[in-house]
Amino acid sequence: MALYPIAETFFSIQGEGCHAGRRAYFARLFGCNVKCRWCDSRTAWEGLPDRRMSESEIAAEAAASLAEFAVITGGEPCMHDMRPLLSALSSVNVAAHLETSGTLRIDESGDSRFDWVAVSPKLFAPPLESSLARADELKFIVSDLRELGEYENFYPAALNAKSVWIHPVWSGISDPDLLEGICEFVKSKGGKYRAGWQMHKCYFAR
Ligand code: SF4
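Throughout what follows, the structure given in this document is the object of discussion. The residue numbering used here restarts from 1 in each chain and proceeds along that chain's sequence as written. In keeping with the predicted nature of the model, local features appear solely for residues at pLDDT of at least 70, side-chain atom pairs appear and are counted solely at 80 or more, and the whole-chain, interface and lining totals rest on all residues.

**Section: the overall build of the protein**
Just so we agree on the cut-off: Going along the chain from the N terminus, every DSSP run of H or I of four or more residues is numbered as a helix, and every run of E of two or more is numbered as a strand. Only C-alpha atoms enter the radius of gyration; for comparison, a globular chain is expected to reach 2.2 Å times N to the power 0.38, where N is the number of residues. Put simply, a residue is buried when 20 or more other C-beta atoms lie within 10 Å of its own C-beta and exposed when 12 or fewer do; between those, it is partly exposed, and each C-beta is set from the backbone. The contact criterion used here is simple: two residues whose C-beta atoms, placed from the backbone, lie within 7 Å are in contact.
Scanning the protein for helices and strands turns up 6 helices and 9 strands. Taking 206 residues into account, the globule formula puts the C-alpha radius of gyration at 17 Å, and the protein, at 17 Å, falls close to it. Taking the principal axes of its C-alpha atoms as reference, the protein extends roughly 50 × 35 × 30 Å. Within the protein, buried positions represent 37% of all 206 residues. Long-range pairs, those at least 24 residues apart, make up 70% of the contacts in the protein with a sequence separation of at least 6.

**Some remarks on the packing of helix H1 (residues 55-64) against helix H2 (residues 83-91)**
Heads up, the rule is: Helix axes use the C-alpha atoms of the stretch in contact, all axes being lines fitted to C-alpha atoms, and the angles between their N-to-C directions lie in the range 0 to 180 degrees. Note: crossing handedness is left-handed where the near helix turns anticlockwise from the far helix by less than a right angle, and right-handed where it turns clockwise. Throughout this entry, Asp, Glu, Lys and Arg are counted as charged residues, while Ala, Val, Leu, Ile, Met, Phe, Trp, Tyr, Cys and Pro are counted as nonpolar. The remaining residues, Gly among them, count as polar.
Here H1 crosses H2 at 35 degrees, and the two axes come no closer than 8 Å. Every pair of crossing elements has a handedness; the one defined by H1 and H2 is right-handed. Only Pro84, Leu85, Ala88, Leu89 and Ser91 of H2 make contact with H1, whose side of the interface consists of Glu55, Ser56, Ile58, Ala59 and Ala62. Residue composition of the contact of H1 with H2, by class: 7 nonpolar, 2 polar and 1 charged.

**Quick word on the sheet that holds strand S9 (residues 193-195)**
Across a sheet, strands are paired by hydrogen bonds formed along the backbone, either parallel or antiparallel in direction. Quick reminder of the rule: Paired strands, in this sense, are two strands between which DSSP finds at least two bridges.
Taken in spatial order, the 9 strands of this open sheet run S3-S1-S2-S4-S5-S6-S7-S8-S9, and their pairing is mixed. Looking at strand neighbours, the two that pair on one side only are strand S3 (51-54) and S9, the edges of this open sheet. Direction aside, the axes of adjacent strands within the sheet are offset by 30 degrees on average. Pairing of strand S8 (residues 163-168) with S9 involves 3 bridges; the strand directions are parallel. Bridge pairing in S9 links valine 164 to tyrosine 193. Where H1 meets the sheet, its contacts fall on strand S1 (3-13), strand S2 (23-29), S3 and strand S4 (69-73), and the angle it forms with S3 comes to roughly 85 degrees.

**Topic: helix H5 (residues 176-189)**
Selection rule: Here, expected helix span is obtained from the residue count minus one, scaled by 1.5 Å.
Given a rise of 1.5 Å per residue, 14 residues ought to cover 20 Å, and the 20 Å separating the end C-alpha atoms of H5 matches this to within 8%. In terms of burial, H5 is largely open, as just 1 of its 14 residues are buried.

**Some words on the site of the ligand**
Basically, it comes down to this: For each residue, a C-beta atom is placed from the backbone, and the residue is labelled near a molecule or strand when this atom is within 6 Å of it.
Taken together, Cys32, Val34, Lys35, Cys36, Cys39, Ser41, Ala44, Gly74, Gly75, Glu76 and Ser101 make up the full set of residues near the ligand. Broken down by class, the residue content of the shell around the ligand amounts to 5 nonpolar, 4 polar and 2 charged.

**Considerations on H2**
The periodicity of an α-helix, 3.6 residues per turn, causes residues three or four places apart in sequence to face the same way. The following threshold applies: In this description, one arc is meant: the one made by directions from the helix axis to the C-beta atoms.
Three or more residues of H2 are buried, namely Leu85, Leu86, Ala88 and Leu89. One side of H2 carries all its buried residues, which in axial view fall inside an arc of 165 degrees.

**Focus: the environment of alanine 158**
As for its position among the elements, alanine 158 is in the loop between helix H4 (147-151) and S8. Of the residues examined, alanine 158 has 23 C-beta atoms within 10 Å and is grouped as buried. Alanine 158 sits 21 residues away from glutamate 137 along the chain, and the two C-alpha atoms are 8.4 Å apart. Beyond its immediate sequence surroundings of up to four residues, alanine 158 is in contact with Leu132, Ala135 and Leu138.

**Describing the pairing of S2**
Buried residues dominate S2, accounting for 6 of its 7 residues. With 7 bridges connecting them, S1 and S2 associate as antiparallel partners. Residue pairing in the sheet places isoleucine 13 in a bridge with arginine 23 of S2. Here S2 runs beside S4; their pairing, made up of 5 bridges, is parallel. Bridged to alanine 27 within S4 is isoleucine 72.

**Quick word on unusual backbone geometry**
In this chain, glycine 74 is followed by glycine 75 through a cis amide linkage whose omega measures 15 degrees. Position of glycine 75 among the secondary structure elements: in the loop between S4 and H2. Look at lysine 35: it is not a glycine, yet its phi comes out positive at around 55 degrees. In this fold, lysine 35 is placed in the loop between S2 and S3. Given 13 C-beta atoms within 10 Å, lysine 35 falls into the partly exposed group.

The structure is reproduced here in C-alpha coordinates:
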(Lines give C-alpha, C1' and ligand atoms only; values in the text may rest on other atoms or scores of the structure.)
Protein backbone atom coordinates (compact mmCIF):
# COMPACT_ATOMS: atom_id res chain seq x y z
CA MET A 1 0.00 0.00 0.00
CA ALA A 2 1.15 3.56 -0.75
CA LEU A 3 0.23 6.64 1.24
CA TYR A 4 0.09 9.76 -0.90
CA PRO A 5 0.45 13.27 0.58
CA ILE A 6 -2.63 15.21 -0.53
CA ALA A 7 -3.01 18.95 -1.04
CA GLU A 8 -6.68 18.56 -2.00
CA THR A 9 -9.13 16.33 -3.83
CA PHE A 10 -12.24 17.62 -5.56
CA PHE A 11 -14.80 16.91 -8.27
CA SER A 12 -15.06 19.54 -10.99
CA ILE A 13 -14.69 20.03 -14.73
CA GLN A 14 -11.44 19.75 -16.60
CA GLY A 15 -10.73 23.30 -17.68
CA GLU A 16 -7.78 22.83 -20.01
CA GLY A 17 -6.65 20.90 -23.04
CA CYS A 18 -8.36 18.30 -25.20
CA HIS A 19 -10.63 17.12 -22.36
CA ALA A 20 -11.88 20.57 -21.35
CA GLY A 21 -15.48 20.62 -20.22
CA ARG A 22 -15.57 16.98 -19.09
CA ARG A 23 -16.37 15.96 -15.52
CA ALA A 24 -13.20 15.12 -13.66
CA TYR A 25 -12.10 14.05 -10.19
CA PHE A 26 -8.86 15.76 -9.20
CA ALA A 27 -6.26 14.43 -6.78
CA ARG A 28 -3.73 17.17 -6.19
CA LEU A 29 -0.69 15.51 -4.66
CA PHE A 30 1.56 17.50 -2.36
CA GLY A 31 5.15 18.38 -3.28
CA CYS A 32 6.83 20.02 -6.26
CA ASN A 33 10.46 20.00 -7.37
CA VAL A 34 9.97 22.94 -9.77
CA LYS A 35 8.57 25.74 -7.57
CA CYS A 36 7.58 28.28 -10.21
CA ARG A 37 7.55 31.89 -9.06
CA TRP A 38 4.06 32.44 -10.55
CA CYS A 39 2.56 29.15 -9.31
CA ASP A 40 -1.17 29.37 -8.64
CA SER A 41 -1.13 26.07 -6.71
CA ARG A 42 1.34 26.96 -3.99
CA THR A 43 -0.65 25.10 -1.36
CA ALA A 44 0.47 21.99 -3.23
CA TRP A 45 4.07 22.51 -2.15
CA GLU A 46 4.23 25.16 0.58
CA GLY A 47 3.60 24.21 4.19
CA LEU A 48 2.33 20.73 4.89
CA PRO A 49 -0.01 18.32 3.10
CA ASP A 50 -3.64 18.45 4.11
CA ARG A 51 -3.74 14.67 4.73
CA ARG A 52 -2.53 11.35 3.40
CA MET A 53 -4.63 8.93 1.42
CA SER A 54 -3.98 5.40 0.24
CA GLU A 55 -4.33 4.50 -3.42
CA SER A 56 -7.56 2.63 -2.67
CA GLU A 57 -9.05 5.62 -0.83
CA ILE A 58 -8.28 7.90 -3.78
CA ALA A 59 -9.66 5.37 -6.26
CA ALA A 60 -12.83 4.85 -4.19
CA GLU A 61 -13.42 8.60 -3.96
CA ALA A 62 -12.92 8.99 -7.72
CA ALA A 63 -15.25 6.08 -8.48
CA ALA A 64 -17.94 7.43 -6.15
CA SER A 65 -17.99 10.78 -7.95
CA LEU A 66 -19.68 11.24 -11.31
CA ALA A 67 -16.31 11.93 -12.91
CA GLU A 68 -15.46 10.59 -16.36
CA PHE A 69 -11.81 10.24 -15.33
CA ALA A 70 -9.37 11.06 -12.54
CA VAL A 71 -6.71 13.74 -12.98
CA ILE A 72 -3.56 13.18 -10.95
CA THR A 73 -2.01 16.60 -10.58
CA GLY A 74 0.09 18.61 -8.18
CA GLY A 75 2.49 19.92 -7.37
CA GLU A 76 4.52 17.43 -9.32
CA PRO A 77 2.84 14.01 -9.10
CA CYS A 78 5.86 12.17 -10.51
CA MET A 79 7.71 12.78 -7.24
CA HIS A 80 5.61 9.86 -5.99
CA ASP A 81 5.34 6.24 -7.08
CA MET A 82 2.36 6.30 -9.42
CA ARG A 83 2.10 2.56 -9.99
CA PRO A 84 -0.05 1.62 -6.95
CA LEU A 85 -2.44 4.47 -7.73
CA LEU A 86 -2.66 3.52 -11.42
CA SER A 87 -3.42 -0.05 -10.45
CA ALA A 88 -6.11 1.02 -7.94
CA LEU A 89 -7.81 3.34 -10.45
CA SER A 90 -7.77 0.61 -13.05
CA SER A 91 -9.38 -1.84 -10.60
CA VAL A 92 -12.39 0.50 -10.24
CA ASN A 93 -12.49 1.28 -13.99
CA VAL A 94 -11.57 4.94 -13.63
CA ALA A 95 -9.33 6.32 -16.39
CA ALA A 96 -6.18 8.03 -15.13
CA HIS A 97 -4.93 11.33 -16.53
CA LEU A 98 -1.61 12.89 -15.51
CA GLU A 99 -0.64 16.55 -15.36
CA THR A 100 3.12 16.97 -15.01
CA SER A 101 5.93 19.44 -15.62
CA GLY A 102 7.81 16.59 -17.33
CA THR A 103 10.92 17.12 -15.20
CA LEU A 104 10.76 13.67 -13.60
CA ARG A 105 10.41 10.22 -15.10
CA ILE A 106 6.82 9.13 -15.72
CA ASP A 107 6.80 5.81 -13.93
CA GLU A 108 4.63 3.42 -15.93
CA SER A 109 5.03 -0.32 -16.31
CA GLY A 110 2.96 -3.20 -17.67
CA ASP A 111 -0.74 -2.46 -17.25
CA SER A 112 -0.03 0.46 -14.92
CA ARG A 113 -0.20 3.22 -17.47
CA PHE A 114 -1.88 6.59 -17.73
CA ASP A 115 -4.72 6.96 -20.21
CA TRP A 116 -3.70 10.54 -20.92
CA VAL A 117 -0.57 12.57 -20.18
CA ALA A 118 -0.48 16.36 -20.29
CA VAL A 119 3.01 17.86 -20.02
CA SER A 120 3.42 21.53 -19.15
CA PRO A 121 7.13 22.37 -19.60
CA LYS A 122 8.74 25.36 -17.95
CA LEU A 123 11.58 27.22 -19.67
CA PHE A 124 13.69 27.42 -16.51
CA ALA A 125 13.15 23.71 -15.69
CA PRO A 126 13.34 21.83 -19.00
CA PRO A 127 11.43 18.55 -19.29
CA LEU A 128 12.97 15.13 -19.91
CA GLU A 129 12.95 13.99 -23.53
CA SER A 130 11.14 10.83 -22.37
CA SER A 131 8.35 12.95 -20.85
CA LEU A 132 7.96 14.95 -24.05
CA ALA A 133 7.82 11.74 -26.07
CA ARG A 134 5.12 10.33 -23.73
CA ALA A 135 2.95 13.46 -23.82
CA ASP A 136 -0.50 13.22 -25.36
CA GLU A 137 -0.66 16.99 -25.22
CA LEU A 138 1.66 19.85 -24.36
CA LYS A 139 0.61 23.00 -22.57
CA PHE A 140 2.71 26.15 -22.53
CA ILE A 141 1.88 29.05 -20.25
CA VAL A 142 3.00 32.28 -21.91
CA SER A 143 3.48 35.64 -20.20
CA ASP A 144 5.74 37.17 -22.87
CA LEU A 145 5.50 36.48 -26.60
CA ARG A 146 9.28 36.06 -26.80
CA GLU A 147 8.82 32.78 -24.90
CA LEU A 148 7.05 31.21 -27.87
CA GLY A 149 10.29 30.85 -29.81
CA GLU A 150 12.01 29.19 -26.83
CA TYR A 151 9.14 26.76 -26.33
CA GLU A 152 9.53 25.66 -29.93
CA ASN A 153 12.74 23.88 -28.90
CA PHE A 154 10.59 21.34 -27.06
CA TYR A 155 8.32 20.54 -30.00
CA PRO A 156 10.49 18.07 -31.95
CA ALA A 157 10.68 15.59 -29.03
CA ALA A 158 6.91 15.60 -28.52
CA LEU A 159 6.37 13.02 -31.21
CA ASN A 160 3.06 11.67 -29.90
CA ALA A 161 1.39 14.89 -28.84
CA LYS A 162 -2.03 15.32 -30.42
CA SER A 163 -2.11 19.02 -29.60
CA VAL A 164 0.14 21.81 -28.36
CA TRP A 165 -1.75 24.38 -26.29
CA ILE A 166 -0.58 27.95 -25.89
CA HIS A 167 -2.17 29.51 -22.81
CA PRO A 168 -1.88 33.12 -21.72
CA VAL A 169 -0.74 33.36 -18.11
CA TRP A 170 -3.91 34.07 -16.09
CA SER A 171 -2.68 37.54 -15.10
CA GLY A 172 -2.38 38.31 -18.84
CA ILE A 173 -5.87 37.37 -19.99
CA SER A 174 -6.81 41.04 -20.45
CA ASP A 175 -3.63 41.90 -22.34
CA PRO A 176 -4.73 42.37 -25.98
CA ASP A 177 -1.16 42.20 -27.30
CA LEU A 178 -0.52 38.88 -25.61
CA LEU A 179 -3.82 37.39 -26.79
CA GLU A 180 -3.41 38.65 -30.33
CA GLY A 181 0.18 37.38 -30.40
CA ILE A 182 -0.90 33.88 -29.34
CA CYS A 183 -3.72 33.94 -31.86
CA GLU A 184 -1.38 34.96 -34.69
CA PHE A 185 1.19 32.35 -33.64
CA VAL A 186 -1.40 29.55 -33.75
CA LYS A 187 -2.76 30.76 -37.10
CA SER A 188 0.71 30.93 -38.62
CA LYS A 189 1.83 27.52 -37.32
CA GLY A 190 -1.25 25.43 -38.09
CA GLY A 191 -0.85 21.73 -37.34
CA LYS A 192 -1.19 20.73 -33.70
CA TYR A 193 -1.12 24.22 -32.24
CA ARG A 194 -4.12 25.46 -30.27
CA ALA A 195 -4.92 28.68 -28.46
CA GLY A 196 -5.77 27.63 -24.91
CA TRP A 197 -7.66 28.96 -21.93
CA GLN A 198 -8.19 27.99 -18.31
CA MET A 199 -11.90 27.48 -18.77
CA HIS A 200 -12.59 26.31 -15.22
CA LYS A 201 -11.60 29.75 -13.93
CA CYS A 202 -14.27 31.34 -16.13
CA TYR A 203 -16.74 29.01 -14.44
CA PHE A 204 -15.35 29.98 -11.04
CA ALA A 205 -14.61 26.30 -10.55
CA ARG A 206 -11.46 24.84 -9.06
S1 SF4 B 1 5.35 22.93 -11.72
FE2 SF4 B 1 3.17 23.41 -11.47
S3 SF4 B 1 2.71 23.03 -9.28
FE4 SF4 B 1 4.97 23.11 -9.50
S5 SF4 B 1 5.45 25.23 -8.98
FE6 SF4 B 1 5.23 25.11 -11.24
S7 SF4 B 1 3.08 25.66 -11.64
FE8 SF4 B 1 3.26 25.18 -9.44
